[in-house]
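Here are the chains, one letter per residue:
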Amino acid sequence: VAPETITRFQPEDLGVREKLRLASTRNATVEEDIAYSLIGIFSSNIVPRYGLGKTALGELLENIMSRTGDVTVIAW
C-alpha cells in the first residue's frame, strides 16, 4: 500500500473493488477479524459475532451488495 494511501485515506474516495483489493492482504489471528476490520471502511452496520468463521466475510459482502448494488464483490 502506498504511503499516501495510508496517510490520506478517506473510505468514500475509493470504490468497493479498490477497498477490497487493499484489504485482500489482511492477516488476522481470528478469521472473523478479516471481515470485522472492514466494517468502518464500508460503513457497514453488521454486528461482530465471533464463531462464524468465513461466514463473517460472506455476511459483510452481502451487506455491501445490498447497500451499494455492486455485485462485483462476489468476484473478490
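What comes next is a walk through the structure. Residue numbers run consecutively from 1 along every chain, following the written order of its sequence. Two thresholds apply to this predicted model, a pLDDT of at least 70 for residue-level local features and 80 or more for giving and counting side-chain atom pairs, whereas whole-chain, interface and lining totals are computed over all residues. The side-chain numbers reported here are obtained from all heavy atoms of the structure, hydrogens and water having been left aside.

### Brief notes about the packing of aromatic side chains
So, step 1. In this scheme Phe, Tyr and Trp rings, the latter by its six-membered ring, pair at centre separations within 6.5 Å, and the angle between planes marks the pair as stacked below 30 degrees, edge-to-face above 60, and tilted otherwise. Inspection of every chain in the model, using the stated rule, returns 1 aromatic pair.
So, step 2. Ring geometry for Tyr-36 and Tyr-50: centres 5.4 Å apart, planes at 80°, overall edge-to-face. Of this pair, Tyr-36 sits in helix H3 (residues 32-36) while Tyr-50 sits in the loop between H3 and helix H4 (55-68), and the two are 14 residues apart along the sequence. Runs of E in the DSSP output that reach at least two residues are strands. Runs of H or I that reach at least four are helices, and both are numbered from the N terminus.

### Topic: the nonpolar core
So, step 1. We call a set of buried Ala, Val, Leu, Ile, Met, Phe, Trp, Tyr and Cys residues a nonpolar core when their side-chain atoms join them within 4.5 Å. Type-normalised accessible area, obtained with a 1.4 Å probe on protein chains alone, sets the label of each residue: buried when under 20%, exposed when over 50%, and partly exposed for intermediate values. Core analysis: the largest hydrophobic core is formed by 14 residues, its most contacted members being Val-16, Leu-20, Tyr-36, Phe-42, Leu-60, Ile-64 and Val-73.
So, step 2. Taken together, the elements giving at least two residues each to this core come down to helix H2 (16-23), H3 and H4.
So, step 3. The biggest single contributor to this core is H4, with 4 residues.
So, step 4. Discounting chain neighbours no more than four positions away, the residues touching Tyr-36 are Ile-46, Val-47, Pro-48, Arg-49, Tyr-50, Leu-52 and Ala-56. Two residues form a contact once any of their heavy atoms are found within 4.5 Å.

Distances and angles like these do not, on their own, reveal function.
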